[in-house]
Amino acid sequence: MTSSKSLLYLVFFLSLHFFSGFSTEFTVGGDEGWVIPKDDQLYNQWASKNRFKVNDTLLFAYKKDSVMAVTQEEYEKCKSVHPVYFSNNGKSIFKLDRPGLFYFISGVSGHCERGLKMIVKVLEPASPPQVATETSGPPTSGATKSAKVVVVFVVSLFGVMFV
Ligand SMILES: *[C@@H]1O[C@H](CO)[C@@H](O)[C@H](O)[C@H]1NC(C)=O
């Protein structure tokens, strides 16, 4: 009985996840956290495996390091004099407050060059279903909605398989 109950919860939460309004906190780099990686593309690989939306947060966990949000140019140079954001308290939480690209680098000299840097892409918010008010437009909103339900269903199925 307990397993079917937790199954139900799982399906429920997976579905909720799809219908936005819920923000997710991502721990950058997973269990390893924000540390100089062996592979200098590690953080960009981590970022490309995730889907970030507006209002999600990034948690940077590290020791004796720091994190800065910078411009693209500063990211490429691994250097910033006036970062948009700076934190060195060991557990930095950064809110992705807009769609588009965010650039992060370590503020410790030499660490960015050794791969402690990351680009995060935040998706444009999905347009609400009731936007299709114009009569000339094709009646896509119903189709889109059912497609979404199918996606939720399929994802839920996959979730169940991995329990
Ligand atoms: C993000 O959060 C702000 C402030 O809480 C809110 O006004 C805004 O609607 C949220 N945006 C999205 C896309 O959830």
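Residues numbered from 1 in each chain as written. Predicted model: local features only at pLDDT ≥ 70, side-chain atom pairs only at ≥ 80, totals over all residues. Heavy atoms only, no water.

What counts, and what does not: UniProt positions are given in the numbering used here, feature names are shortened, and annotations may be inferred rather than shown by experiment.
Taking an unreviewed UniProt entry as the reference, the protein is identified by name as Phytocyanin domain-containing protein belonging to Capsicum annuum. Per UniProt, the comment on the protein under Subcellular location (unreviewed entry) is "Cell membrane". Among the UniProt annotations of the protein, the heading Sequence similarities (unreviewed entry) holds the following wording: "Belongs to the early nodulin-like (ENODL) family."

1. Describing the site of the ligand
Let me state the cut-off plainly: When we say a residue is near a molecule or strand, we mean one of its heavy atoms is within 4 Å of it. In protein, a polar contact requires one atom able to donate a hydrogen and another able to accept it; more generally it is a pair of N or O atoms within 3.5 Å, and residues adjacent in sequence count only if both atoms are side-chain atoms. Each accessible area is a Shrake-Rupley estimate made with a 1.4 Å probe; only the visible protein chains count as cover when residues are assessed.
Around the ligand, the neighbouring residues are Val54, Asn55 and Lys95. Contacts to the ligand include Asn55, whose side-chain N or O atom sits 2.3 Å from an oxygen atom. The fraction of the free accessible surface of the ligand (370 Å²) that becomes covered by protein chains is 31%.

2. Here's the deal with the nonpolar core
Side chains of nonpolar character tend, in soluble globular proteins, to be buried together. What counts, and what does not: The definition of a nonpolar core used throughout is a set of buried Ala, Val, Leu, Ile, Met, Phe, Trp, Tyr and Cys residues joined through side-chain atoms within 4.5 Å. Only protein chains enter the accessibility calculation, which uses a 1.4 Å probe; a residue whose area is less than 20% of its type maximum is buried, one above 50% is exposed, and one in between is partly exposed. Counting from the N terminus, the helices are the DSSP runs of H or I reaching at least four residues and the strands are the DSSP runs of E reaching at least two. We call two residues in contact whenever any of their non-hydrogen atoms come within 4.5 Å of each other.
Grouped together as the largest cluster of nonpolar side chains are 21 residues, with contacts concentrated most on Trp34, Leu58, Phe60, Phe104, Met118 and Val120. Of all the secondary structure elements, the ones that give two or more residues to this core are helix 2 (42–48), strand 3 (57–61), strand 4 (67–70), strand 7 (100–105) and strand 8 (117–123). Contact partners of Leu58, with chain neighbours within four places excluded, come to Phe26, Val28, Trp46, Phe52, Ser92, Ile93, Phe94, Leu96, Phe104, Met118 and Val120. Counting seven residues, the second largest nonpolar core, distinct from the first, contains Met68, Tyr103, Ile105 and Cys112.

3. Side note on the state of the cysteines
Selection rule: Cysteine sulfur atoms that pair up within 2.5 Å are treated as a disulfide.
Following the criterion strictly, the structure yields one disulfide and no others. Cys78 shares a disulfide with Cys112; S-S distance 2.0 Å. One disulfide, between Cys78 and Cys112, carries an S-S torsion of -70° and so falls in the left-handed class. Here Cys78 is found in the loop between helix 3 (72–77) and strand 5 (85–87), whereas its partner Cys112 is found in the loop between strand 7 and strand 8, with 34 residues between them in sequence. The class for Cys78 is buried, based on a relative accessible area of 14%.

4. Quick word on the confidence of the model for the protein
Formally: For every residue, the predictor assigns a confidence score, pLDDT, that lies between 0 and 100.
In the predicted model, the protein carries a mean pLDDT of 82, and the fraction of residues at 70 or more is 66%. Here residues 131–144 is a poorly scored stretch, pLDDT under 50, and it has one contact once near neighbours within four places are set aside; other chains count.

5. Observations concerning the pairing of strand 3
Selection rule: When DSSP finds two or more bridges between two strands, those strands count as paired.
For strand 3, a buried count of four out of five residues is recorded, marking the element as mostly surrounded by other parts of the structure. Here strand 1 (residues 25–27) runs beside strand 3; their pairing, made up of three bridges, is parallel. Counted as the bridge partner of Glu25 is Thr57 from strand 3. When strand 3 meets strand 6 (residues 91–95), the two strands line up antiparallel, connected through five bridges. Across the sheet, the residue bridging to Leu59 is Ile93, located in strand 6.

6. A few points about the pairing of strand 8
Two strands pair when backbone bridges link them, and strand 2 (residues 52–53) and strand 8 are joined in this way by two bridges, in the parallel orientation. Its bridge partner being in strand 8, Lys53 is matched across the sheet by Leu123. Taken together, the six bridges between strand 7 and strand 8 define a ladder with antiparallel strand orientation. When the sheet's bridge partners are listed, Tyr103 is paired in strand 8 with Ile119.

7. Section: the sheet that holds strand 8
The mixed open sheet is built from five strands, whose spatial order is 2-8-7-4-5. Taken across any chain shown, the strands that pair with only one partner, and hence form the sheet edges, are strand 2 and strand 5. Examined bridge by bridge, strand 4 and strand 5 share three bridges and lie antiparallel to one another. Residue Val67 lies in a different strand from strand 5, and its bridge partner there is Ser87.

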